[in-house]
Structures are given as structure tokens and as C-alpha cells.
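# Structure at a glance
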Amino acid sequence: MIISFYLNGVLTEHDVTPHRRAVDYLRDDCGCRSLHHECADGTCGACLILMDDRPALSCILPAFELRFREVWTMEGLSDRDEFTDIVSGFKEARVRLCSSCAPARALAVEALLRQTVRPSARQIRETVESVQCACCSRRRLHDAVIRSARNRERRIHG
Ligand code: FES
Ligand code: FES
């Protein structure tokens, strides 16, 4: 099946088989090596991508579901100004992420900030919990999301 979609702002087209997972396709055929696939069953969040401004777990998503969508991974997000809001937010909260969760975590926060720059406590909690981490304190991660949102709001509204 031929799919065409926007990947990190670039129109992309490939022939994919029906059972190919989005995570494998994006990593192997599209070069999105920032994507991790730890659990492969939708539990850990390490394979999270941004699809039409919403978070999506690419290990449980068939590649053909990407067609006609707008997809972002860290390869694209890290080149954009918005990314600095998140990097600064995590720095301000003194959260240092490891390489296996950082891309998914940043994309999860970006998905939230595209919905709102004034997230509720529930939205922040869901965003924090969408990517598993056993080494950072939840309180700090929560704080990092709040700070990222403040940075985004300041950048948009001055
Ligand atoms: S690899 Fe764990 S949720 Fe996708
Ligand atoms: S900082 Fe990456 S899993 Fe905890």
C-alpha cells in the first residue's frame, strides 16, 4: 500500500506492507532513529510520535495509519523554535533525561503545548505518565512541564 504523509514537514511517500509497524517503518525507512521501542506493546511510551498534534504510540500503530497525517519526531522537532521552550523548561526544573526517554518525553510535552499553554493538573499528570521513567521524580517532571508551558506562553504572547 502506498502511503503519503508529512514527516517533519516534508512530504513523504513509501510502499508499506499491511503489518508493518509505524515504529519500524519510521526508524528503518525514514531514518527516525530517535524513536525507541522498548516494550513494543504500548506500555512504556518510548516510541511516542506526534501525529496531527496528538501523541501516538508508534509500536502499536500500523504504518499505513500514517497516511495523510502530519507526523513529527525529534528529528524534526529539535530544529524548531518551539523545542527551546521545552529544553529550557526541563533545565529550569533541573531534570536531566536519559537518551532513551528524552525524545518521547519532549514530544509528549509538545503535544500538550499544542493543545494548550495553560494545562490543567490532570493534563500535566497524563503527559508525565505517558512516558515511563523510574529514575526522575514525578514532582520534578511535573514542574518541568509547567515551566515549558510558561516558556511557550511567554514566547507566543510576550
Ligand atoms: S515501545 Fe513501549 S509503548 Fe511503544
Ligand atoms: S530519565 Fe530516561 S527513563 Fe528516566
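Residues numbered from 1 in each chain as written. Chains lettered and ligands numbered in written order. Predicted model: local features only at pLDDT ≥ 70, side-chain atom pairs only at ≥ 80, totals over all residues.

### Some remarks on the overall build of the protein chain
Within the protein chain one finds 6 helices and 5 strands. Listing every helix and strand of the protein chain by position from the N terminus yields β-β-α-β-β-β-α-α-α-α-α. Radius of gyration (C-alpha) of the protein chain: 15 Å, near the 15 Å computed for a compact globule of 158 residues. Structurally, the protein chain occupies a C-alpha span of about 45 × 35 × 25 Å along its principal axes. (Helix = DSSP H or I, 4+ residues; strand = E, 2+ residues; numbered from the N terminus. Rg over C-alpha atoms; globule rule 2.2 N^0.38 Å.)

### Looking at the sheet that holds strand 4 (residues 54-57)
One open sheet accounts for 5 strands, arranged 2-1-5-3-4; its pairing is mixed. Both edges of this open sheet fall to strand 2 (10-15) and strand 4, since each of them pairs with a single strand only. Mean inter-strand twist for the sheet, computed between neighbouring axes without regard to direction, equals 40°. When strand 1 (residues 2-7) meets strand 2, the two strands line up antiparallel, connected through 6 bridges. When the sheet's bridge partners are listed, S4 is paired in strand 2 with E13. (Pairing = 2+ DSSP bridges. Axes fitted to C-alpha atoms, helices over the stretch in contact; angles between N-to-C directions.)

### Considerations on the environment of V71
Looking at the secondary structure, you find V71 in strand 5 (residues 70-72). For V71, a count of 22 C-beta atoms within 10 Å translates into the label buried. Along the backbone, V71 and A56 are 15 residues apart, and their C-alpha atoms lie at a distance of 9.6 Å. (Buried ≥ 20, exposed ≤ 12 C-beta atoms within 10 Å, placed from the backbone.)

### Examining helix 1 (residues 22-29)
Of the positions making up helix 1, those classed as buried are A22, V23, Y25 and L26. Positive backbone phi, approximately 75°, marks G31, located one or two places after helix 1.

### Digging into unusual backbone geometry
At A40, a residue that is not glycine, the phi angle is positive and equals roughly 65°. Along the chain, A40 turns up in the loop between helix 1 and strand 3 (48-51). Despite not being glycine, R94 has its phi angle at roughly 55°, a positive value. If you trace the backbone, R94 turns up in the loop between helix 3 (82-92) and helix 4 (102-115).

### Here we look at the packing of helix 3 against helix 4
Where helix 3 meets helix 4, the axes come as close as 10 Å, and the angle between the chain directions of the two elements is 115°. Crossing handedness for the pair helix 3 and helix 4: right-handed. Of the residues in helix 4, those touching helix 3 at E82, F83 and I86 are A106, V109 and E110. (Left-handed = near helix turned anticlockwise from the far one by under 90°. Contact = placed C-beta atoms within 7 Å.)

### Things to note about helix 5 (residues 121-129)
Those residues of helix 5 lying buried are I124, T127 and V128. Around the axis of helix 5, the buried residues are gathered within 100° of arc, so they sit on the same side. In this structure, the buried residues of helix 5 make contact with helix 4 and helix 6 (138-157). (Arc of directions from axis to C-beta.)

### What about the domain arrangement of the protein chain?
Examined at the domain level, the protein chain breaks down into domain 1 (2-73) and domain 2 (82-157). Distance from the C-alpha centre of domain 1 to the C-alpha centre of domain 2: 21 Å. Taken together, the contacts link 14 residues of domain 1 with 12 residues of domain 2. Broken down by secondary-structure element, the contributors of at least two residues to the side of domain 1 that touches domain 2 are strand 3 and strand 4. Looking at the side of domain 1 that touches domain 2 element by element, the count peaks at 3 residues for strand 3. The residue inventory of the side of domain 1 that touches domain 2, partitioned by class, reads 8 nonpolar, 3 polar and 3 charged. (Domains from an automatic or database assignment. Nonpolar A, V, L, I, M, F, W, Y, C, P; charged D, E, K, R; others polar.)

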